[in-house]
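As a plain string of letters, each chain reads:
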Amino acid sequence: MLRLSKKADYALLALRHMAAHAERPAHSARELAEAYDIPAELLAKVLQSLVRGGLLASHQGIHGGYGLSRSSDLISVADVIQAIDGPLTVTACSDTDHSCDQYAKCNIRDPLWRIKDRIISALSATSVTDLAADMVAAPPPVGVPVAVLRK
């Protein structure tokens, strides 16, 4: 089964939030952790991985935190997953790893690699902006006056 890691889930949640609230230059790890009920220490590590991957910038100071390093439409879901989990794989072997005993006789490796390429293509074609699109258009929470949300 193909499944994103929890760290990749958390990274996408954080980047989606930042894209939907692009008017704010920085978001604290604690604020994001509280908003999504994520362990703060784990989210801080995830955000640091995104900084190392070049997807986020870290801002120091009293109003510091994390912000997107480039426009959210230039950050793909594939970029995020690879920054957190490394290259996407669907088989134990790869172009460079031939250690499998069945490598020479394997008849499913190449078709599975083509499927992996399609998955990567789909993830690469989906940006963080795409993920945030429905978040921006969502109606205000029930019981909260619209005027308060527009300040």
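Computed from a predicted model, the values in this text were never measured in an experiment.

Colleague: Would you mind going over the overall build of the protein chain with me for this structure?
Modeller: Helix and strand counts for the protein chain stand at 7 helices and 2 strands. Ordered by position in the sequence, the α and β elements of the protein chain form the string α-α-α-β-β-α-α-α-α. Here the protein chain holds 151 residues, and 30% of them are scored as buried. Residue pairs in contact within the protein chain that sit at least 24 positions apart in sequence constitute 60% of those at least 6 positions apart. When the accessible area of the protein chain is evaluated, it comes to approximately 9800 Å², of which 56% is carbon and sulfur surface.

Colleague: Please explain the confidence of the model for the protein chain as it appears in this structure.
Modeller: In the predicted model, the protein chain carries a mean pLDDT of 86, and the fraction of residues at 70 or more is 89%. The least confident element of the protein chain is helix α7 (residues 146-149), whose mean pLDDT is 47; the most confident is helix α3 (residues 40-52), at 97. Confidence drops under pLDDT 50 across residues 146-151; counting only partners more than four residues distant or on other chains, this segment forms 4 contacts.

Colleague: Help me out: how do you make sense of the nonpolar core in this one?
Modeller: In globular proteins that are soluble, nonpolar side chains generally tend to be buried together. Leu15, Met18, Leu43, Leu47, Leu50, Leu56 and Val80 are the most contacted members of the largest nonpolar core, which has 27 residues in total. Among the elements that make up this core, the one with the highest residue count is helix α1 (residues 6-20) (9 residues). When neighbours within four sequence positions are excluded, Val80 is seen to be in contact with Ala11, Leu12, Leu15, Leu50, Leu55, Ile75 and Val128.

Colleague: Would you explain the pattern of salt bridges in this entry?
Modeller: Pairs can form between side chains of opposite charge whenever their charged atoms are close. All told, the structure shown has 4 salt bridges when counted by the stated rule. Salt-bridge contacts for Asp110 lead to Arg109; the nearest nitrogen and oxygen are separated by 3.6 Å. Given the relative accessible area of 38%, Asp110 is considered partly exposed. Asp117 is the partner of Lys116 in a salt bridge, and the nearest nitrogen-oxygen pair spans 3.7 Å.

Colleague: So what exactly am I meant to see when it comes to α3 here?
Modeller: At 3.6 residues per turn, the α-helix brings residues three or four places apart onto the same side. A rise of 1.5 Å per residue sets the reference length of α3, with its 13 residues, at 18 Å; its end C-alpha atoms lie 18 Å apart and thus fit the reference within 8%. Restricting attention to buried positions, one finds in α3 the residues Leu43, Val46, Leu47, Ser49 and Leu50. The buried residues of α3 occupy one face: seen down the axis, they fall within an arc of 155°. Residues of α3 that are exposed and point over 90 degrees away from its buried face: Glu41, Lys45 and Arg52. Lining the buried residues of α3 we find α1, α2 (29-36), β1 (56-59), β2 (65-68) and α4 (77-85).

Colleague: I keep staring at the packing of α1 against α4 and nothing clicks. Help me out?
Modeller: Each packed pair of helices is defined by two parameters, the angle between the axes and the distance between the axes. As a packed pair, α1 and α4 sit with axes 9 Å apart at the nearest point and diverge in direction by 135°. Here α1 lies oblique to α4, going by the angle between them. With respect to the hand of their crossing, α1 and α4 are arranged in right-handed fashion. Only Val77, Val80, Ile81, Ile84 and Asp85 of α4 make contact with α1, whose side of the interface consists of Lys7, Ala8, Ala11, Leu12 and Leu15. Classifying every residue of the contact of α1 with α4 gives 8 nonpolar, no polar and 2 charged.

Colleague: It is not clear to me how unusual backbone geometry should be interpreted in this structure. Could you clarify?
Modeller: With glycine set apart, most residues show a phi of negative sign, and most peptide bonds adopt trans. Not every positive phi belongs to a glycine, and Asp37 is a case in point at roughly 55°. Within the secondary structure layout, Asp37 lies in the loop between α2 and α3. Note on Asp37: relative accessible area 72%, which makes it exposed.

About the thresholds
- Throughout, a residue's number is its position along its own chain's written sequence, starting from 1.
- The predicted origin of the model limits local features to residues at a pLDDT of at least 70 and limits the giving and counting of side-chain atom pairs to 80 or more, whereas totals for whole chains, interfaces and linings rest on all residues.
- For side-chain calculations, the full set of non-hydrogen atoms in the structure is used, while hydrogens and water are omitted.
- Here a strand is any run of E in DSSP of at least two residues, a helix any run of H or I of at least four, and the numbering for each starts at the N terminus.
- Exposed residues in this analysis have more than 50% of their type's maximum accessible area, buried residues have under 20%, and partly exposed residues fall in between, with area computed by a 1.4 Å probe over protein chains only.
- Contacts between residues were defined by any pair of non-hydrogen atoms, one from each residue, lying within 4.5 Å.
- Accessible surface is estimated by sampling points in the Shrake-Rupley manner with a 1.4 Å probe; for residues, cover comes only from the protein chains shown.
- For every residue, the predictor reports its confidence as pLDDT, a number between 0 and 100.
- We define a nonpolar core as any set of buried Ala, Val, Leu, Ile, Met, Phe, Trp, Tyr and Cys residues linked to one another through side-chain atoms lying within 4.5 Å.
- Here, a salt bridge means any side-chain nitrogen of Lys or Arg that lies within 4 Å of a carboxyl oxygen of Asp or Glu.
- Each helix should span, by expectation, one fewer than its residue count multiplied by 1.5 Å.
- What the arc covers is the set of directions going from the helix axis to the C-beta atoms.
- What counts as an axis is a line fitted to C-alpha atoms, over the stretch in contact for a helix, and the angles between N-to-C directions run from 0 to 180 degrees.
- Orientation labels follow simple angle bins: below 35 degrees gives roughly parallel, above 145 gives roughly antiparallel, 65 to 115 gives roughly perpendicular, and whatever is left gives oblique.
- Handedness of a crossing is defined here by the sense of rotation of the near helix relative to the far one, left-handed for an anticlockwise turn of less than a right angle and right-handed for a clockwise turn.
- Each residue gets one of three labels, nonpolar for Ala, Val, Leu, Ile, Met, Phe, Trp, Tyr, Cys and Pro, charged for Asp, Glu, Lys and Arg, and polar for the others, Gly among them.

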